[in-house]
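Here is how the chains run, residue by residue.
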Amino acid sequence: MENNTTTNGKLFSEAISRLVEDMEVRGIGAILWDNATAGFHYIPATTITDKKGETKVIRVMGLYNYEGTLYLIEEDKAPVHLTEFYTDGVEVPPTVVTLTEDSARRHLGNPQKEDGFTTKASNEEWLAIADCYFEALAEE
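So, here is what we can say about the structure in this document. Just so it is clear, the structure is predicted and the values come from calculations on it, not from any experiment.

## A closer look at the overall build of the chain
Okay, so step 1: Within the chain one finds four helices and six strands.
Okay, so step 2: Taken from N to C terminus, the helices and strands of the chain fall in the order α-β-α-β-β-β-β-α-β-α.
Okay, so step 3: Taking 2.2 N^0.38 as the reference for a compact globule, 140 residues should give roughly 14 Å; the C-alpha atoms of the chain span a radius of gyration of 15 Å, in line with that estimate.
Okay, so step 4: In terms of its C-alpha atoms, the chain occupies a principal-axis envelope of roughly 60 × 40 × 30 Å.
Okay, so step 5: Within the chain, buried positions represent 41% of all 140 residues.

Dropping the structure here:
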């Protein structure tokens, strides 16, 4: 008989896989959102330990499906900004931007080689971030 930790881990892994599948079905390689204007019910954030061993809270500005692995995009650290997707003074700044797989790779690169991406979050943090994903889709 499996213990609750193993069962929860499998259920959680399946939930992340379903997020990846949902993005693929929708043709989304990455989704970016503006935390200041999105009006989410939760602030998408996670607590990480950096390379220096310091613990810090990072705000998440999106999700990136790279080769079947779902990465959290760190606000103000990942190599992308929403300003790249509109002309300031001409267009209204977007709250949510979705990128195809090709466009995501062009704008975000390889998350294993770039700063500003992580897969580390607690189950509770992932649930809040997943909720933000669906809220962002509703705003798009």
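There's plenty left to go through after this.
## Here we look at the pattern of salt bridges
Okay, so step 1: Summed over the entire model, instances satisfying the criterion amount to six salt bridges.
Okay, so step 2: The salt bridge partner of Arg18 is Glu14, with a shortest N-O separation of 3.0 Å. With Arg18 and Glu14 both in helix α1 (residues 4-26) and four residues apart, the pair spans about one turn of that helix.
Okay, so step 3: Here Glu101 makes a salt bridge to Arg105, at a shortest N to O gap of 3.7 Å. Of this pair, Glu101 and Arg105 both sit in helix α3 (residues 101-108), separated by four residues, roughly a single helical turn.
Okay, so step 4: Counted as one network, the salt bridges with shared partners bring together Glu67, Glu101 and Arg105.

## Re the packing of aromatic side chains
Okay, so step 1: Scanning the entire structure with this criterion turns up four aromatic pairs.
Okay, so step 2: Arranged with centres 5.4 Å apart and planes meeting at 90 degrees, the rings of Trp33 and Phe40 form a pair that is edge-to-face. Judged on exposure class, the residue Trp33 and its partner Phe40 are both buried.
Okay, so step 3: Each residue in the set Tyr64, Tyr66 and Phe117 is aromatic and connected to the rest through ring pairs, giving one cluster.

## Points about helix α4 (residues 123-139)
Okay, so step 1: Over its 17 residues, α4 extends 24 Å from the first C-alpha to the last, a length consistent with the 24 Å expected when each residue adds 1.5 Å.
Okay, so step 2: Buried within α4 are the following residues: Glu125, Trp126, Ala128, Ile129, Ala130, Cys132, Tyr133, Glu135, Ala136 and Leu137.

## Some thoughts on the layout of surface pockets
Okay, so step 1: The calculated volume of the largest pocket comes to roughly 430 Å³.
Okay, so step 2: Going through the elements one at a time, β2 (45-49), β4 (69-74) and β6 (117-118) are the ones with two or more residues in the lining of the largest pocket.
Okay, so step 3: Across the lining of the largest pocket, the residue classes break down as five nonpolar, five polar and eight charged.
Okay, so step 4: In this model, the second largest pocket occupies a volume close to 150 Å³.
Okay, so step 5: Contributing to the lining of the second largest pocket are Trp33, Asp34, Asn35, Met61, Glu75, Asp76, His81, Leu82, Thr83, Tyr86, Pro93 and Pro94.

Criteria and cut-off values
- Residues numbered from 1 in each chain as written.
- Predicted model: local features only at pLDDT ≥ 70, side-chain atom pairs only at ≥ 80, totals over all residues.
- Heavy atoms only, no water.
- Helix = DSSP H or I, 4+ residues; strand = E, 2+ residues; numbered from the N terminus.
- Rg over C-alpha atoms; globule rule 2.2 N^0.38 Å.
- Buried < 20%, exposed > 50% of the residue type's maximum accessible area, 1.4 Å probe, protein only.
- Salt bridge = Lys/Arg side-chain N within 4 Å of Asp/Glu carboxyl O.
- Phe/Tyr/Trp six-rings, centres within 6.5 Å; stacked < 30°, edge-to-face > 60°.
- Expected span 1.5 Å × (residues − 1).
- 1 Å grid on protein atoms, 1.4 Å probe; cavity = no way out; pocket = protein on both sides within 12 Å on 5 of 7 lines; lining within 4 Å.
- Points joined across faces, edges and corners; volume = space filled by probe spheres on them.
- Nonpolar A, V, L, I, M, F, W, Y, C, P; charged D, E, K, R; others polar.

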